[in-house]
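# Observations on the three-dimensional arrangement
Below, each chain spelled out in residue letters.
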Amino acid sequence: MDLAFTPEEQKFREDIHAWVKDNLPQDISHKVHNSLHLSREDHQRWAQILGKKSWLGYGWPKQFGGPGWTAVQKHLFEEELALAGAPRVIPFGPVMVAPVIMAFGSPEQQQRFLPGIASGEVWWSQGYSEPGSGSDLASLKTRAERKGDKYVVNGQKTWTTLAQYGEWIFCLVRTSTEGKPQTGISFLLIDMKSPGVTVRPITMLDGGHEVNEVFFDNVEVPAENLIGEENKGWTYAKHLLSHERTNIADVNRAKRELERVKRIAKSESVWDDVRFRDEIAKLEVDIVALEMLVLRVLSAEKSGKNSLDIAGLLKIKGSEIQQRYSELMMLAVGPYALPFIKEAMEAGWQGDYVGAAYAAPLAPTFFNMRKTTIYGGSNEVQRNIVAQTVLG
Amino acid sequence: MDFEFTEDQSQLRDAVHRWVDKGYSFEKRRAIVKEGGFDRGVYNQLAELGLTALYIPGDHGGMDMGPVEGMVVMEELGRGIVMEPVSHALICGATLSAYAPDAVKSQWLPKIASGEALVVLAHIEKKARWKLNVCETQAAQSGGAWTISGAKGVVPAGDKADAFIVPAIANGKIALFVVERGAIGVAARGYVTQDGSRAAEVTFHSSPATLVTNDGLAALEYAVDIGIAATCAEGVGAIDKTMELTVEYLNTRKQFGVALSTFQALRHRVADMKMQQELARSMSYYASLKLNASADERRRAMARAKYQLGVAMRFVGQQSVQMHGGIGVTDEYAGSHYFKKLTQLEMTFGDTLHHLGEVSARMQDTAGVFA
């Protein structure tokens with residue numbers, strides 16, 4: 001047993017650290033460090049900087065143009081990016097659909113789609129949830145009917161993150177109503193410029209436009225956009241979920257945000273309030289414990305001996321921590337969390353702030369973070385999964 | 001970064017595991033509690049397995065092992081809620097090895113290693129609570145010989161031990177001494193504690209003492225940190241067994257015609273217990289792996305670990321009793337004894353609120369496993 005990374009891993013970290021320092025645009029990290037609004041252009045600019053280095057698909061194997069890093073290297077890469085204030089990689093392309101295309105797509109599909117994902121040029125969205133299918137995803141109803149060499153898609157997706165920027169969307173669609181709901185689902189790639197696709201914004205409780213409804217009205221999709229076999233989509237989607245392991249805990253970002261909680265608490269003088277400070281101390285222990293849990297998973301993966309099947313725990317704890325740090329930041333600024341000036345969440349806003357500039361985005365961020373225990377399999381669904389592994 | 005156990009460590013775990021299964025059944029333990037909560041014969045068996053010698057150097061009859069081996073042993077002893085204080089052999093072996101002059105090492109380390117001498121840390125005072133820098137016991141020197149006077153409380157197996165490591169004020173600051181229980185002026189009033197194990201109030205009246213170190217506070221902090229890491233590991237073992245008992249019960253016990261494990265309210269509680277179990281194990285690893293860090297880093301790490309373990313031990317223990325229903329609050333059922341052990345471990349080497357305060361006082365701008 002050893003806590004320290006190997007000298008090679010340390011060197012790797014230092015190299016990444018130096019590269020990020022030289023290549024992460026400061027106007028972007030400023031926004032990340034202060035929870036200010038990131039535009040499509042910000043995300044794309046950073047994605048393409050990573051893409052040029054073949055690091056947007058940092059989890060990809062070499063045969064598909066990725067760096068072929070180990071689980072530990074991926075973790076260190078994520079950590080250095082997060083601590084430096086890089087935006088989270090928008091996962092739908094490089095982290096979610098790409099591994100499915102690699103594992104189940106045809107060589108033609110791989111050649112057609114992977115380069116645009118790797119370079120960061122094409123913005124992908126994820127079409128899973130529907131108005132009637134949230135936690136019970138397999139009940140989804142959006143239909144794809146095969147007509148000759150096309151599918152005709154009708155239905156509605158919802159909670160589609162940043163679909164207003166989307167150029168392509170990967171969807172779970174119903175191709176059969178026979179048997180169990182899971183066995184009639186297919187995995188389809190849809191060009192969002194196709195006639196009949198409509199994206200409608202959903203304004204969230206923080207006033208932001210992060211998610212959308214996406215409507216499909218007789219949308220014609222070439223049959224060659226089907227991944228793998230018809231009615232096997234559920235299996236492919238589950239494969240995708242298994243690719244979300246330690247990343248789901250987001251512990252590196254939590255470390256960065258804990259630093260920010262402390263900075264804000266100090267400038268607001270609640271750092272010296274024992275009751276407040278003890279709450280920060282609890283959060284600090286939570287984050288260290290989560291980091292240890294993540295490292296244990298990485299070690300198990302590295303050794304290949306014992307797999308540690310605790311993705312559900314990582315999701316639950318990680319999301320609770322995200323909510324807690326955003327809550328503590330909001331509480332730290334006291335009454336000046338309350339004024340709501342939407343423009344103050346844009347970088348470079350020249351208007352009159354009511355309180356400290358850093359206070360303006362804190363409450364909206366807190367409201368925004370409520371999503372974390374709901375999305376990606378609600379924490380209650382995660383508890384069902386964890387209980388299943390313990391109790392059978 | 002590697003959390004796998006070596007072949008030797010796994011064998012050590014298996015050996016202790018087997019001994020607990022064979023030599024420390026629940027009935028055997030119950031009999032020891034009846035006899036006062038400590039069995040020297042059992043302690044000697046543990047010594048024969050080498051467990052009291054782990055942290056003692058080979059040239060003093062020890063095993064030259066490290067914190068991971070200590071952790072493995074304490075996990076297994078926790079799983080069997082073993083009452084004999086092996087953790088104090090670890091504490092005293094390591095502290096004397098690190099701080100005592102050669103003559104003191106030669107006198108005590110071989111005997112601790114072999115089990116011939118049971119030496120325990122006697123540091124708690126009524127006014128100190130969990131604080132290590134509060135000490136009223138006084139040391140005096142005349143003609144090169146030391147004596148100490150004062151009182152120490154809740155000393156594990158205090159009326160059965162052969163000697164104590166005792167902090168006392170010498171020349172205005174805390175120093176550490178070895179005092180034999182048979183020495184002049186030493187009195188021990190023994191009693192049984194909540195988990196069935198034995199402890200004592202120990203008083204010293206001008207009792208002859210051997211100086212271990214004048215750097216007493218640093219040595220005491222080191223001693224307690226070894227105790228914290230051992231307690232964390234012991235807690236993990238007790239949590240593991242508590243989870244086993246609870247899972248078995250929920251899958252067996254039927255109400256409303258179905259197994260309790262079919263009720264979602266209980267399943268979600270089990271998921272929350274599993275969370276605490278894995279956070280506890282993670283932080284126990286963390287504690288043991290930080291035992292050899294610099295004093296500042298080590299102290300911060302132990303506070304974090306003991307805080308997390310405290311939360312976990314309380315939650316798992318209390319929820320286990322609740323989910324067992326009536327049987328969970330009977331003396332007859334092993335589960336209630338695990339609950340009492342977990343509660344007592346939370347209140348050993350600093351409780352959860354104390355350690356939260358320590359974490360809070362020691363926070364820096366950045367934080368993580370490596371800082």
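Owing to the predicted nature of the structure, the values given are computational and were not obtained by experimental measurement.

## What to know about the overall build of chain B
In terms of regular secondary structure, chain B is built from 11 helices and 9 strands. Taking 21 Å as the expected radius of gyration for a compact globule of 371 residues, we find that chain B reaches 21 Å, a close match to that expectation. Its C-alpha atoms give chain B principal-axis dimensions of roughly 80 × 50 × 40 Å. Across the 371 residues of chain B, 54% fall into the buried class. Of all intrachain contacts in chain B linking residues separated by at least 6 positions in sequence, the fraction that spans at least 24 positions is 74%.

## Things to note about the pairing of strand β5 (residues 173-180) of chain B
All names here are of chain B. Burial analysis of β5 places 6 of its 8 residues in the buried class, the great majority of the element. Two strands pair when backbone bridges link them, and strand β4 (residues 163-170) and β5 are joined in this way by 8 bridges, in the antiparallel orientation. Bridge pairing in β5 links Ala170 to Lys173. Counted along the chain from β4 to the antiparallel partner β5, the turn is 2 residues long, and its residue Asn171 has a positive phi close to 50°. Where β5 meets strand β7 (residues 198-213), 3 bridges bridge the pair, whose relative direction is antiparallel. By the bridge assignment for β7, Leu176 is matched with Thr213.

## Quick notes on the confidence of the model for chain B
The predicted model of chain B has a mean per-residue pLDDT of 98, with 100% of residues at 70 or higher. Prediction confidence for the complex, expressed as pTM and ipTM, is 0.97 and 0.97 respectively.

## A word on the nonpolar core
Val119, Phe164, Ile165 and Phe177 of chain B are the most contacted members of the largest nonpolar core, which has 222 residues in total. If you look at the next biggest cluster of nonpolar residues, it comprises 5 residues, including Val247, Tyr249, Leu250 and Leu260 of chain B.

## Observations concerning the packing of helix α8 (residues 251-267) of chain A against helix α10 (residues 311-332) of chain A
Residue and element names in this part refer to chain A. Interhelical geometry of α8 versus α10 gives an angle of 15° and a closest axis separation of 9 Å. Taken as axis vectors, α8 and α10 run roughly parallel relative to one another. The way α8 lies across α10 gives a crossing that is left-handed. Residues Val251, Ala254, Glu257, Leu258, Arg260, Val261, Ile264 and Ala265 of α8 touch α10, and the partners they reach there are Gly318, Ile321, Gln322, Tyr325, Leu328, Met329 and Ala332. When grouped by side-chain class, the residues that make up the contact of α8 with α10 number 11 nonpolar, 2 polar and 2 charged.

## Some details on the domain arrangement of chain B
Residues and elements named next belong to chain B. The domain architecture assigned to chain B consists of domain 1 (7-114), domain 2 (119-214) and domain 3 (219-361). On a C-alpha basis, the centres of domain 1 and domain 3 stand 21 Å from each other. Contacts between the two partners involve 19 residues from domain 1 and, on the opposite side, 25 residues from domain 3. For the side of domain 1 that touches domain 3, the secondary-structure elements that each account for two or more residues are α4 (67-79) and α5 (86-99). With 10 residues, α4 is the single largest residue contributor to the side of domain 1 that touches domain 3. Looking at the side of domain 1 that touches domain 3 residue by residue, the classes come out as 12 nonpolar, 4 polar and 3 charged.

## Remarks on the domain arrangement of chain A
What the domain assignment lists for chain A is domain 1 (7-89), domain 2 (124-231) and domain 3 (244-391). One C-alpha centre belongs to domain 1 of chain A, the other to domain 2 of chain A, and the line joining them spans 30 Å.

## Quick word on the pairing of strand β6 (residues 186-192) of chain B
Residues and elements named next belong to chain B. Judged from the 7 bridges that link them, β6 and β7 form a sheet pairing that is antiparallel. Bridging from a neighbouring strand, Tyr191 pairs with Ala199 of β7. Linkage of β6 to β7, two consecutive antiparallel strands, is achieved through a turn of 5 residues, within which Gly196 is found at a positive phi near 95°.

## Points about helix α2 (residues 26-33) of chain A
Since one α-helical turn is 3.6 residues long, residues separated by three or four positions face the same way. Residue and element names in this part refer to chain A. Here α2 has its buried residues at Ile28, Lys31 and Val32. In a view along the axis of α2, the buried residues occupy a sector of 100°, so they form one face of it. In α2, those exposed residues whose orientation departs by more than 90 degrees from the buried face are Gln26 and Asp27. For α2, the secondary structure elements touched by its buried residues are α3 (40-52). Following α2 by one or two positions, Ser35 adopts a phi angle in the positive range, close to 55°.

What counts, and where the lines are drawn
Residues numbered from 1 in each chain as written. Chains lettered and ligands numbered in written order. Predicted model: local features only at pLDDT ≥ 70, side-chain atom pairs only at ≥ 80, totals over all residues. Helix = DSSP H or I, 4+ residues; strand = E, 2+ residues; numbered from the N terminus. Rg over C-alpha atoms; globule rule 2.2 N^0.38 Å. Buried ≥ 20, exposed ≤ 12 C-beta atoms within 10 Å, placed from the backbone. Contact = placed C-beta atoms within 7 Å. Pairing = 2+ DSSP bridges. pLDDT = per-residue confidence, 0-100. Core = buried A, V, L, I, M, F, W, Y, C linked by C-beta atoms within 7 Å. Axes fitted to C-alpha atoms, helices over the stretch in contact; angles between N-to-C directions. Parallel < 35°, antiparallel > 145°, perpendicular 65-115°, else oblique. Left-handed = near helix turned anticlockwise from the far one by under 90°. Nonpolar A, V, L, I, M, F, W, Y, C, P; charged D, E, K, R; others polar. Domains from an automatic or database assignment. Arc of directions from axis to C-beta.

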